[in-house]
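This is what each chain is made of:
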Amino acid sequence: MVRNPLYHRDLPKTPEPYWRENIDLPRFNALKEDIETDVVIVGGGITGITTAYLLQREGLDVALLEADVLLNGTTGHTTAKLTAQHGLFYHELINHMGVEKARLYYEANQEAVNYVRNLVSEQNIDCDFSTQDACMYGVADRYANKVENEFRAYEKLNIPGDLTGSIPFDIKVKNALYMRNQAQFHPVKYLAHLVKQFIDDGGEIYEQTTAVNVDHGKRATAITRDGYRATGNYVLACSHYPFYDGLGFYYTRMYAERSYLLAVKTSFDYPGGMYLSADSPPRSIRSVQLNGETGVLIAGEDHKTGQGGNTQDHYDALESFAETVIGVEEVVNRWSAQDLYTLDKVPYIGRLTQAERNILVATGFKKWGMSSGTLSALLFRDYVLERENKYMDVFTPSRFYADPSLKTFFKQNADVAAHWVAGKLELPERTGDFLSNDEGGVIRYEGKRAGGYKDEDGNLYVVDTTCTHMLCETSWNEGDRTWDCPCHGSRFSYTGEVVEGPAEKPLKRFR
């Protein structure tokens, strides 16, 4: 392989995910009246769409509410690896939950992979689906040892896996662990097919419809920001961050991380497979079709939301890695993603609380939403139809394991407290006059801390940086031009509009 010399290229200016390009998705009207149905689903990503498809096929009437447009959230920003290999996790899972539940976790996710595989085959869905081996690799001794420990966990759980000492890239690894017969696909093409099937079966979809609360009783009602009511026997929260918390206190039981992705063209002859480094910072590699040509997705650079420094540096680091390993002819797309982690890193899938049995939630997928979202839909189908499912107990949101949940709970909430205090003590000196065009940052405005962004035409936008969720101070995200909360992961546009929950109200606009 001949490498190009590394130049600092101008990355695509606007962060747009590859998956949504050139896809003709239908558009749907907002909800403008009260409705009654069998099941109300909130969230138009892989969990909500797959659940809606499954339940409508079972003969139920389903209404799906989406705050923005379909597939514009986490599902549209994924690496789209469809696998039960969720990083170095099974060794950890055995220590915390035991062999039996660790095995069930694997089986549940592998069933989700196989469900998508079979549906694509049965319905001949054009979604770039391909069977691929998933691989975790370690470079430094410390991480190579962790990869070997993970292999021992595979042996205990009877997970088919191979431990080798190399991968087909110019990366000197010490251990590489393969999980065979996993998959990758184009998630938006796949889910666009399910949307069409759902609508053809009589399902209803409402976009630009933000659910903000639930009125629950014998039947459950999702209440929208505009005051309309969608009532069903069940309300399912499939909105990445639960739009309704009840008394579940999910904001204290999860934390948000951001990661970054580049879609690049290269002359490198891609050898197949999906790869993820065990080392820190992580690096993810998979192939992708870019306008009919084989390209590569490079991802990684994880950090807690609002705590990553200059986000442009993360894109630059990924480009440097890609140039070194495969050579880069062009950076076609760049974007970032946000993922939620639970206290024990196992998703919360099931009843929101034990008291609210007809309100279901699916959240905390880490970075494995393609399998976890599909798994959630399969579980939700059985909850709604009152069928037994052996995986329910593993994922129930009411579970609690002292190790690691207590330690993680105190660590994350201490971090929240520290950032809350630090934000209040920050007293910026510069004003908006010192911002360059297309630059944002914390400024002093009328004697107070504020957030300023000057667009390319020199227009200044000023917002109150205080997050409307729990009053932490947001920080400027240069790569995505958003205000991000370091406490619970809420994100806002430079005009103050909510981009990502748990916040429901926009930032106060000063100018």
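From a predicted model like this one, the values you see are computed outputs, not experimental measurements.

Caption draft 1: Highlighting the state of the cysteines. All told, the structure shown has one disulfide when counted by the stated rule. Cys472 shares a disulfide with Cys487; S-S distance 2.0 Å. Its torsion about the S-S bond being -100°, the disulfide of Cys472 and Cys487 is classed as left-handed. Note that Cys472 is positioned in the loop between strand S22 (460-463) and strand S23 (475-477) and Cys487 in the loop between strand S24 (482-484) and strand S25 (491-493), a separation of 15 residues in sequence. Take Cys472 and Cys487: they sit in the same class, and that class is buried. With no disulfide of its own, Cys467 lies 4.0 Å from the sulfur of Cys485, the closest cysteine sulfur. The class of Cys467 is buried, set by a relative accessible area of 0%.

Caption draft 2: A look at the environment of Thr75. Of note, Thr75 is situated in the loop between strand S3 (62-65) and strand S4 (81-82). Exposure remark for Thr75: the relative accessible area of 9% places this residue in the buried category. Here the alpha-carbon distance between Thr75 and Gly479, two residues 404 residues apart in the chain, equals 20 Å. What Thr75 contacts, discounting residues up to four positions off in sequence, is Gly45, Ile46, Pro187, Leu191 and Met370. Within polar-contact distance, the side chain of Thr75 engages the backbone nitrogen of Ile46 at 3.0 Å.

Quick notes on the rules
Residues numbered from 1 in each chain as written. Predicted model: local features only at pLDDT ≥ 70, side-chain atom pairs only at ≥ 80, totals over all residues. Heavy atoms only, no water. Disulfide = S-S within 2.5 Å. Helix = DSSP H or I, 4+ residues; strand = E, 2+ residues; numbered from the N terminus. Buried < 20%, exposed > 50% of the residue type's maximum accessible area, 1.4 Å probe, protein only. Contact = heavy atoms within 4.5 Å. Polar contact = N/O pair within 3.5 Å; in protein donor to acceptor, adjacent residues only side chain to side chain.

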